[in-house]
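Geometric and topological summary
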Amino acid sequence: MRQYDHKKIESKWQKRWAKDGLYKTEEDQAKPKAYVLDMFPYPSGEGLHVGHPKGYIASDIYSRFKKMSGYNILHPMGWDAFGLPAENYAIKNKMHPKVAVEKNIARFKEQLEKLGLNYDWEREINTTDPAYYKWTQWIFLQLFKKGLAYESNEPINWCPSCKTGLAFEDLEGGKCERCGSDVEQRPIRQWVLKIREYADRLLEDLSELEWPEHIKESQRNWIGRSEGALLRFEVAGGSEQYIEVFTTRPDTLFGATYMVLAPEHSLVSDLQPKISNWNEVQKYKEEARKKTDLERMEERTKTGVELKGVRAVNPATKEEIPIWVADYVLAHYGTGAIMAVPAHDERDFAFAKKFGLPIQEVIEPVFTQSTEPGKVRDGLPFNHRDGIIAVVKHWSEDKYIALKWKKVAWGTFLTGSIDAGDGAEDTARKEIREETGYLNLKLLKNFGIVHGKFYHLPKQMNSFVHSSVFLFELEDDAHEEIAPEEKEKHDILWLTVDELRTFLTPDSHKHILELLCGEGVCAYAGDGILKNSPTFDGMPSEEAKWRITEFAHGEKRVDYKLRDWVFSRQRYWGEPIPIIHCAKCGTVPVPEKDLPVVLPEVTSYEPTGTGESPLAAISEWVRVACPKCGGEGKRETNTMPQWAGSSWYYLRFIDPQNDKALVDKKKEAYWSPIDLYEGGVEHATRHLIYARFWHKFLYDIGAVSYKEPFGRLKGVGLIYGEDGRKMSKRLGNVVNPDDVVAAYGADTFRIYEMFMGPFEESSMWNTKSIIGPRRFLEKVWRLEEKVSEKALHDQGIEILTHKTIKKVSADIGAFRFNTAVSTLMVFVNGLEGVEAVPLATYKILLVLLHPFAPHMTEELWHELGNNNFLYREAWPNFDEAKTKEGKITVVIQVNGKVRGELDISPEEEEYAVKEQALAHESIKKWTSGKEVKKVIYVHGKLVNIVAV
RNA sequence: GCCGGAGUGGUGGAAUGGUAUACACGCUCGACUUAAGAUCGAGUGCCGCAAGGCGUGUGGGUUCGAGUCCCACCUCCGGCACCA
């Protein structure tokens, strides 16, 4: 018997395919297209491990499937090779970065080519190629011309080890994401891109994208939009000095009892002459400056110093309030100053508690039940009602009365309605007596009013109850008999605080429990109804926000967590920023005709650490005539960050050789947007935001025709090492795909990676399990010997074939490769069971399997006498009618338990099936002596007999 | 803390509200082999001799029927985190 020699077969077909140009992109614009893209790799010195190809294999399978289904495919590959990792690798290995990158790319490419991927290598691009980065620079120039790129000297995050400024996105928990060093704040001249101007569009357009929810959510988090108001507080004493604050809760203005400035806030120094404890303030500022962000985050206890001698005026109450400096207020968010409302903000609350500052409540909480039971029904009006909630403490134990409702699954404190004209406290006393019988009460505390919105199940209406909340203590257990109708409503339980925590159903009652534990005060940060806010009392927060903003002469304002993109690096290995500085003309863009500004060859490319890039030392490169006045100019010596080239590369693949434009408009219109983009989810907040930003900009200047670049996105799940940890050289758990390909073949490797589990979920590498896919391929190989043109095309095989086509097609389309593989395995197992396999069926198997195992299927295909490549074969269609079995087995259940089976034809009438089921031998013993209440027939599936 | 996702055999994992554990790994037994490997065949959730019972993180609920829907809780993974 001939052997399945994967080495011979794979290298043979890889050569033939390359020679033929099989994977060259077709440009026939009359045909539908599919642009399938992998996030291009960063060619590191480590080479690929088995985790990397997972995504490439998936996109390969998907694009082959689309190609065979009649689409023009664009499935390219390239290299993202500028940036810190490549440069650091080069420095470490004492090589020029260019040489290191070339070497790494060659290694990556060699590894990829062994996998039989259908990339069109004629479109290969490399971000470090001047012909490519010419256009990266061109985009920068357009940004500059539109005022979206500007120079700034603000302090930025500086990595002392990488010796460069970083963007906020490049930090991970206050450390440099690349090297793990603590970053410092350092004022450096830098280029910044106004990504914030696109924040709203980046946020809004997310909704129309077919992306994994968690990636969209990450982007929403990252953009961090919040709507609020800008309010001005005057510094007391008629100095005409103001403190501006940004707040999302202007409705709580009457509760602002002090203010806080960030230590870096300029007003702190401006106020110095008035501050009586300047030494103390100065010392605090100094300490705060030294603290890294990490330290700030770790020590959560709040610190701060009051600015003695100055006070601010609350514009609503006109009262003078103290001003503090504290590092819990961040300089770079909002205005770097806040109005503190300790009653309704947890941070302010903690601070006020620590320093004994006044706490003024201005919001009565409103709780809207959002979970069952009692979830508010949308669209129904609310029935308003005044009521009481009474917390009743035991006379000797630490227990409280709780009601377990009998008609609904509720647990509450004691509640009741206030009749018109009655007082709240009297009602509470009356209710306690009626519902519990207890006689001797002592009022301990009045917690004010809590509002609750919920669906009243017994009354079947939405209820909005405004409850006065009281805490009573029983003096003794003297009590009288309760009326029987009260007993029917609920059971009375004595519960401890811990028990109450899980017992209470409504959110409003849970909140009261917190009041009980926290000495009657806690920060309630939700929306509610205003109190202690003259003329606004009784108004809902939502409305009060804008009314109070107006009242205090503030203005509506939107703010974002997203910072503008710090775009310059003080490093060598990046695209030079195409700007010339001229003493006379200022900042002048390099004329487009002079692009690219080529990165000069240098002998020393190590970072300087001075805030200037190594390029600054090459005077012959730096010195240049000013394009405007012809006078003496100097080139910008900062370079672009790693993320520049990858922010538009997908456009270049469409038209990689074009030297007139970054992409031809017609071609762009045909291939855009990307139909399937696939890669690591770690790019959620950098690459995927930056690229969307640039794309929207290019759309605005008319360079591209779609608002969004990536319509559908799939995030590839990681492959962990066999020890369950991330693969890394250091841990010694790296598996090299070359070894797996050598031992089992690329086809087996491809199938194994797809079969491991759901594509988007992470999984653990398990060398033991690879044998499964290998055995599967060997079965297919051996099956050829059973192929016969004369074989009977029996109905069983036909149904199996059509079912398989249907399921495999749907699964590949939905990126469910694991179940697609298992379907093919079922198919092969089925064919193994027959005497002879019809040739037509075997051909279908080869076509369906081809995207997964291109080499082996190609070999078998040619052995069968075919001379064309399988890649050019059409994907088979299925006939829905032929996916249905002629005879089906229906399960008979008695009371939901399987007790027998019935073979019927699918056309059988319902009553006939039921009759047969009831008469079935193995069923009788379960129904005898019982009354058959009901028989349910689920067509073609089961019969359920309900018998009691 | 907030948001997002997930908990199913010894293992990886399947299941439009309708036979839970497809497919695969592993394991057991048998065949072929001097032997090992490969291959082929049979078996493999748990308890029980059996009849049968119990089983999808835990506890409730809806339903003729729940891994799937609802509620509460627990655990794990990911994002954000003093963002006003």
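Everything that follows concerns the structure shown earlier in this document.
Since the structure is predicted, the reported quantities are computational estimates derived from the model, not experimental observations. (Residues numbered from 1 in each chain as written. Chains lettered and ligands numbered in written order. Predicted model: local features only at pLDDT ≥ 70, side-chain atom pairs only at ≥ 80, totals over all residues. Heavy atoms only, no water.)

Bringing the overall build of chain A into the picture now. For chain A, the helix and strand inventory stands at 29 helices and 42 strands. On the principal axes, the C-alpha backbone points of chain A span a range of 105 × 100 × 50 Å. Put simply, chain A has 948 residues, and 53% of those count as buried. Entry remark: accessible area of chain A is about 42,300 Å², with carbon and sulfur atoms responsible for 49%. Distance between charge centroids for chain A: 4 Å, based on 128 positive and 143 negative side chains. (Helix = DSSP H or I, 4+ residues; strand = E, 2+ residues; numbered from the N terminus. Buried < 20%, exposed > 50% of the residue type's maximum accessible area, 1.4 Å probe, protein only. Areas by Shrake-Rupley, 256 points an atom, 1.4 Å probe, with all protein chains shown as cover. Lys, Arg positive; Asp, Glu negative; His and termini not counted. Charge placed at Lys NZ, Arg CZ, Asp CG, Glu CD.)

Quick look at the packing of aromatic side chains now. Tallied over the full model, the rule gives 51 aromatic pairs. Relative to Phe 536, the ring of Phe 254 lies with its centre 6.0 Å away and its plane at 50°, an arrangement referred to as tilted. Taken together, the positions of Phe 254 in the loop between strand S13 (242-247) and strand S14 (258-261) and Phe 536 in the loop between strand S26 (528-530) and helix H16 (541-551) put the pair 282 residues apart, joining distant regions of the chain. Judged by its relative accessible area of 7%, Phe 254 falls in the buried class. Residue classification places Phe 536 among the buried positions, given a relative accessible area of 6%. An aromatic cluster is built from Phe 140, Phe 144, Trp 191, Tyr 198, Trp 565, Phe 567, Trp 643, Tyr 690, Phe 693 and Trp 694, whose rings are joined through pairwise contacts. It is Lys 302 that lies over the ring of Tyr 328; its NZ or CZ is 5.4 Å from the centre. (Phe/Tyr/Trp six-rings, centres within 6.5 Å; stacked < 30°, edge-to-face > 60°. Lys NZ or Arg CZ within 6 Å of the ring centre and 35° of its normal.)

The next point concerns the sheet that holds strand S11 (residues 190-193). Across a sheet, strands are paired by hydrogen bonds formed along the backbone, either parallel or antiparallel in direction. The antiparallel open sheet is built from three strands, whose spatial order is S5-S11-S28. Of all the strands in the sheet, the pair left with one neighbour each is strand S5 (149-152) and strand S28 (565-566). Set on the sheet, helix H5 (residues 130-145) makes contact with S5 and S11; between it and S11 the angle comes to about 80°. (Pairing = 2+ DSSP bridges. Contact = heavy atoms within 4.5 Å. Axes fitted to C-alpha atoms, helices over the stretch in contact; angles between N-to-C directions.)

Interaxial distance between helix H1 (residues 6-20) and helix H27 (residues 854-863) falls to 9 Å at its minimum, and their mutual angle equals 85°. On the basis of the axis angle, H1 is roughly perpendicular to H27. Across from Ile 9, Glu 10, Lys 12, Trp 13, Gln 14, Arg 16 and Trp 17 in H1, the residues of H27 making contact are Pro 854, His 855, Met 856, Glu 858, Glu 859 and His 862. (Parallel < 35°, antiparallel > 145°, perpendicular 65-115°, else oblique.)

Enumeration according to the criterion identifies three cavities of 30 Å³ or more in this entry. Counted as a void, the largest cavity has a volume near 170 Å³. Broken down by element, the residue count for the lining of the largest cavity peaks at three residues, all from helix H3 (residues 84-92). Across the lining of the largest cavity, the residue classes tally to eight nonpolar, three polar and seven charged. By volume, the second largest cavity is sized at about 110 Å³. The wall of the second largest cavity is formed by 15 residues, among which Tyr 23, Lys 24, Thr 25, Ile 73 and Tyr 871 lie closest to the centre. For the lining of the second largest cavity, the element with the most residues is strand S2 (residues 72-74), which contributes three residues. Residue classes in the lining of the second largest cavity are distributed as seven nonpolar, four polar and four charged. (1 Å grid on protein atoms, 1.4 Å probe; cavity = no way out; pocket = protein on both sides within 12 Å on 5 of 7 lines; lining within 4 Å. Points joined across faces, edges and corners; volume = space filled by probe spheres on them. Nonpolar A, V, L, I, M, F, W, Y, C, P; charged D, E, K, R; others polar.)

Quick look at the protein's contact with RNA strand B now. Close to RNA strand B lie 53 residues; Thr 248, Lys 302, Tyr 333, Arg 347 and Lys 561 are nearest. Considering the 4 Å shell around the protein, atoms of RNA strand B inside it are sugar or phosphate in 64% of instances. Within the contact set of RNA strand B, a sugar or linking oxygen lies 3.3 Å away from a side-chain nitrogen or oxygen of Ser 218. Within the contact set of RNA strand B, a phosphate oxygen lies 2.7 Å away from a side-chain nitrogen or oxygen of Lys 925. Sort the elements by how many residues they give to the surface near RNA strand B and helix H25 (residues 817-832) lands first, with six residues. Partitioning the surface near RNA strand B into residue classes produces 21 nonpolar, 16 polar and 16 charged. (Near = heavy atom within 4 Å. Polar contact = N/O pair within 3.5 Å; in protein donor to acceptor, adjacent residues only side chain to side chain.)

It is worth spelling out the sheet that holds S2 at this point. With parallel pairing, four strands are arranged side by side in an open sheet as S2-S1-S33-S34. For this open sheet the edge positions go to S2 and strand S34 (713-716), each flanked by a neighbour on one side alone. The average undirected angle you get between the axes of adjacent strands in this sheet is 20°. Two strands pair when backbone bridges link them, and strand S1 (residues 33-38) and strand S33 (residues 676-680) are joined in this way by three bridges, in the parallel orientation. Within S33, the position partnered with Leu 37 by the bridge is Tyr 677.

Helix length check: helix H2 (residues 53-68), at 16 residues, gives a terminal C-alpha distance of 22 Å against a target of 22 Å (1.5 Å per residue), a fit within 8%. For H2, a buried count of 16 out of 16 residues is recorded, marking the element as mostly surrounded by other parts of the structure. The first or second residue beyond H2 is Gly 70, which carries a positive phi of 105°. (Expected span 1.5 Å × (residues − 1).)

Turning our eyes to something else, we now look at the environment of Gly 813. Structurally, Gly 813 can be placed in helix H24 (residues 795-813). Sequence separation between Gly 813 and Tyr 62 is 751 residues; the distance between their C-alpha atoms is 7.0 Å. Setting aside chain neighbours within four positions, we find Gly 813 in contact with Tyr 62, Phe 65 and Arg 712.

Here we come to the pairing of S33. Across a regular strand the side chains alternate sides, sitting on one face of the sheet and then on the other. Burial analysis of S33 places five of its five residues in the buried class, which makes it a mostly covered element. Summarising the sheet, S33 and S34 pair through four bridges and their orientation is parallel. When the bridges of S34 are listed, Tyr 677 appears paired with Leu 713. Following the chain from S33 across helix H20 (residues 687-700) to the adjacent parallel S34, one finds a crossover that is right-handed. (Right-handed = clockwise from strand over helix to strand, strands pointing away.)

As a further point, take the environment of Tyr 937. As for its placement among the helices and strands, Tyr 937 is situated in strand S41 (residues 932-938). Taking the C-alpha atoms as reference points, Tyr 937 and Ala 100, separated by 837 residues in sequence, lie 69 Å from one another. Those residues in contact with Tyr 937 that sit more than four places away from it in its chain are Val 890, Ile 904, Glu 910, Val 913, Lys 914, Leu 942 and Val 943. A polar contact of 3.1 Å, which involves the side chain of Tyr 937, links it to the backbone nitrogen of Gly 940.

A few words on the pattern of salt bridges. Evaluated as defined, the whole model comprises 63 salt bridges. Where Lys 531 meets Glu 361, a salt bridge forms, and the shortest distance between an N and an O atom there is 3.6 Å. With Lys 531 in the loop between S26 and H16 and Glu 361 in the loop between helix H11 (346-355) and strand S18 (363-368), this residue pair connects regions lying 170 residues apart in the sequence. The partner of Glu 481 in a salt bridge is Lys 487, and the shortest N-O contact between them spans 3.3 Å. (Salt bridge = Lys/Arg side-chain N within 4 Å of Asp/Glu carboxyl O.)

Here H5 is 16 residues long and its end C-alpha atoms lie 22 Å apart, about the 22 Å a rise of 1.5 Å per residue gives. Among the 16 residues that make up H5, 13 are buried, leaving the element largely enclosed by the rest of the structure. With a side-chain oxygen positioned 3.0 Å from the backbone nitrogen of Ala 131, the residue opening H5 is Asp 129. Of the residues one or two after H5, Gly 147 is the one with positive phi, at around 75°.

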